[in-house]
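One letter stands for each residue in the lines below.
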Amino acid sequence: MPASRPAELAEPEAPTRPGGADTPAGNANLRRLGLAGIVWAYFPVVLISRGSFRYLFEDQVLRNWSTIFVSVVLQALPFLVLGVAVSATVSALVPAAWLARAVPGRPMLAVPTAGLAGAVLPGCECSSVPVARRLVARGVPAGAALTFLLAAPAINPVVIVATAVAFPGQPEVVLARFVASLLAAVTVGGIWTRFAGRDHLRVPEDEHDHDHRGRAFVGTATADLLQAGGYLVAGAGLVATLQTLVPTSVFERLGGSGVTAVLVLAVLAVLLSICSEADAFVAAGLSQFSLTARLAFLVVGPMVDLKLIALQVGAFGRGFALRFAPLTFVTAVLAASLVGLVLL
């Protein structure tokens, strides 16, 4: 029987890329994308059934449900595609080193600068976490990087235009979303800068991305569109269900109590995890609620939701997410309530 090869002469194992398909993180990503794909498939089924199997939609309630569902998805889809394309372009072409150099070194100046940068550099929730991670790794103050993480998906141009289209003739809603989101992002960044300890955030190692830019763009855009589209379809289904099956008296009671309505939609935003480029159309469909409550939905959603919390745990550690998510949720709800009281 031949002797086994010495350990030092054994062939080295092929390196595994972080997040690859053969790693736990990669398997989790594949499972999430697979689930999103299943939800995505629900939309063409409804669309085809409305035309080919009309007898299934003879009931008025089901017909109303399908009409609301399809209209919400079709209204939001162009903005979702545009937002994903722009976000993938920024992620692939704008290096984190450039962003790091553009942010002032002093934390109290860096925080508002990073917040305003979110208004000109579009990025969806999924891409803002890796960008913030790279910024922290390159020495940008943590408060500034976290401010950018919150502001970029909430107040970028695509989101603002989508909000204006979803709420036609209501510019005060657009202004309120911009002001409340920027206020919440800068406030959270300032609080983190002032009170958070160095051990509250796991500082990642600086990584240099050597992927081809074209592959990076295609990969980012495909994954974000599939995942975000799945959440959009699920959110549209919930809106259609609330509009057609839940008695109006329930919404009248919730909408009549301002605090209750704000908290209900804030929690709903966390659970639905809808992409910020599409959430305005879902909020517009929740017409039984007050504008301030829907503003809370629009401010909380891009800053705190289930997929964001999972991404933050992976990027900065579980201890960070346990502190950052509640802080952001409370700040976003208070900012939306205050701005809504003034502007709406």
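Residues numbered from 1 in each chain as written. Predicted model: local features only at pLDDT ≥ 70, side-chain atom pairs only at ≥ 80, totals over all residues. Heavy atoms only, no water.

A. Summary view of the overall build of the protein chain. Regarding its fold elements, the protein chain presents 15 helices and zero strands. Out of the 344 residues in the protein chain, the part that is buried amounts to 45%. Expressed as a percentage of contacts within the protein chain between residues at least 6 apart in sequence, the contacts between residues at least 24 apart total 81%. Carbon and sulfur atoms form 66% of the exposed surface of the protein chain, whose accessible area is close to 16700 Å². (Helix = DSSP H or I, 4+ residues; strand = E, 2+ residues; numbered from the N terminus. Buried < 20%, exposed > 50% of the residue type's maximum accessible area, 1.4 Å probe, protein only. Contact = heavy atoms within 4.5 Å. Areas by Shrake-Rupley, 256 points an atom, 1.4 Å probe, with all protein chains shown as cover.)

B. Structural view of the pattern of salt bridges. Throughout the structure, instances matching the rule amount to one salt bridge. Asp-279 is paired through a salt bridge with Arg-177; the nearest N and O atoms lie 3.0 Å apart. Here Asp-279 is found in helix α12 (residues 279-285), whereas its partner Arg-177 is found in helix α8 (residues 171-195), with 102 residues between them in sequence. As far as the burial class goes, Asp-279 and Arg-177 line up, both buried. (Salt bridge = Lys/Arg side-chain N within 4 Å of Asp/Glu carboxyl O.)

C. Fine view of a nonpolar patch on the surface. On the surface, a cluster of nonpolar side chains totalling about 700 Å² of accessible area is made up of Leu-175, Val-179, Leu-183, Leu-338, Leu-341, Val-342, Leu-343 and Leu-344. In terms of residue count, the dominant contributor to the nonpolar patch is helix α15 (residues 318-343) (four residues). Residue placement: Val-342 occurs in helix α15. The class for Val-342 is exposed, based on a relative accessible area of 63%. (Patch = residues over 30% accessible without salt bridge, like charges linked within 9 Å, V, L, I, M, F, W, Y side chains within 5 Å.)

D. View of the packing of α8 against α15. The contact between α8 and α15 brings their axes to 8 Å, and the two run at 145°. Viewed along their axes, α8 and α15 form a crossing whose handedness is right-handed. Contacts between α8 and α15 pair Glu-172, Leu-175, Ala-176, Val-179, Ala-180, Leu-183, Ala-184, Thr-187, Val-188, Ile-191 and Trp-192 from the former with Phe-320, Arg-323, Phe-324, Leu-327, Thr-328, Thr-331, Ala-332, Ala-335, Ala-336, Val-339 and Leu-343 from the latter. Tallied by class, the residues present in the contact of α8 with α15 amount to 17 nonpolar, three polar and two charged. (Axes fitted to C-alpha atoms, helices over the stretch in contact; angles between N-to-C directions. Left-handed = near helix turned anticlockwise from the far one by under 90°. Nonpolar A, V, L, I, M, F, W, Y, C, P; charged D, E, K, R; others polar.)

E. Geometry of the environment of Arg-138. In this fold, Arg-138 is placed in the loop between α5 (125-137) and α6 (142-155). Each C-alpha atom, one on Arg-138 and one on Val-203, is 9.7 Å from the other, the two residues being 65 residues apart in sequence.

F. Here's a closer look at α6. With 14 residues, α6 extends 20 Å between its outermost C-alpha atoms, agreeing within 8% with the 20 Å of an ideal straight helix rising 1.5 Å per residue. Counted residue by residue, α6 has 13 buried out of 14 residues, so it is predominantly covered. (Expected span 1.5 Å × (residues − 1).)

G. The packing of aromatic side chains, seen in detail. Evaluated as defined, the whole model comprises four aromatic pairs. Pairing Trp-192 with Phe-324 gives two aromatic rings, centres 5.8 Å apart and planes at 80°, and the pair type is edge-to-face. Within this pair, whereas Trp-192 is found in helix α8, its partner Phe-324 is found in helix α15, the two being separated by 132 residues in sequence. By the ring-pair criterion, three or more aromatic residues cluster together here, those being Trp-192, Phe-316, Phe-320 and Phe-324. A cation over a ring is seen here: Arg-194 above Phe-195, with NZ or CZ 5.1 Å from the ring centre. (Phe/Tyr/Trp six-rings, centres within 6.5 Å; stacked < 30°, edge-to-face > 60°. Lys NZ or Arg CZ within 6 Å of the ring centre and 35° of its normal.)

H. Representation of helix α13 (residues 291-300) in the model. Of all 10 residues that make up α13, eight are buried, and the element is covered over most of its length. Residues of α13 that are buried: Ala-293, Arg-294, Leu-295, Ala-296, Phe-297, Leu-298, Val-299 and Val-300.

I. A look at the nonpolar core. Phe-297 and Phe-316 are the most contacted members of the largest nonpolar core, which has 80 residues in total. The greatest single-element share of this core, amounting to 10 residues, is contributed by α6. Residue contacts for Phe-297: discarding those within four places in its chain leaves Leu-265, Leu-268, Ala-269, Leu-272, Ile-274, Asp-279, Val-282 and Ala-283. (Core = buried A, V, L, I, M, F, W, Y, C linked by side-chain atoms within 4.5 Å.)

J. Up close: the confidence of the model for the protein chain. Residues of the protein chain with pLDDT of at least 70 account for 69%, and the chain-wide mean is 76. Every residue in residues 1-35 scores below 50 in pLDDT, and together they form 18 contacts with partners more than four places removed in sequence or on other chains. (pLDDT = per-residue confidence, 0-100.)

K. Expanded view of the side chain of Thr-163. Inspection of the secondary structure puts Thr-163 in helix α7 (residues 157-166). Among the polar contacts made by the side chain of Thr-163, one reaches the main-chain carbonyl oxygen of Val-159 at a distance of 2.7 Å. Contact partners of Thr-163, with chain neighbours within four places excluded, come to Val-173, Val-174, Arg-177 and Ala-280. (Polar contact = N/O pair within 3.5 Å; in protein donor to acceptor, adjacent residues only side chain to side chain.)

L. Highlighting the environment of Ala-278. The topology assignment puts Ala-278 in the loop between α11 (258-272) and α12. By relative accessible area, which is 0% here, Ala-278 ends up buried. In the structure, Ala-278 is positioned 203 residues away from Gln-75 in sequence and 8.5 Å away in space, judged by C-alpha atoms.

M. Representation of the packing of helix α4 (residues 107-117) against α8 within the structure. For the pair α4 and α8, interaxial distance at closest approach is 9 Å and the crossing angle is 155°. Our classification of the angle between α4 and α8 gives roughly antiparallel. For the crossing formed where α4 meets α8, the hand is right-handed. Contacts between α4 and α8 involve Pro-107, Met-108, Val-111, Pro-112, Gly-115 and Leu-116 from the former and Leu-182, Val-186, Gly-189, Gly-190 and Thr-193 from the latter. (Parallel < 35°, antiparallel > 145°, perpendicular 65-115°, else oblique.)

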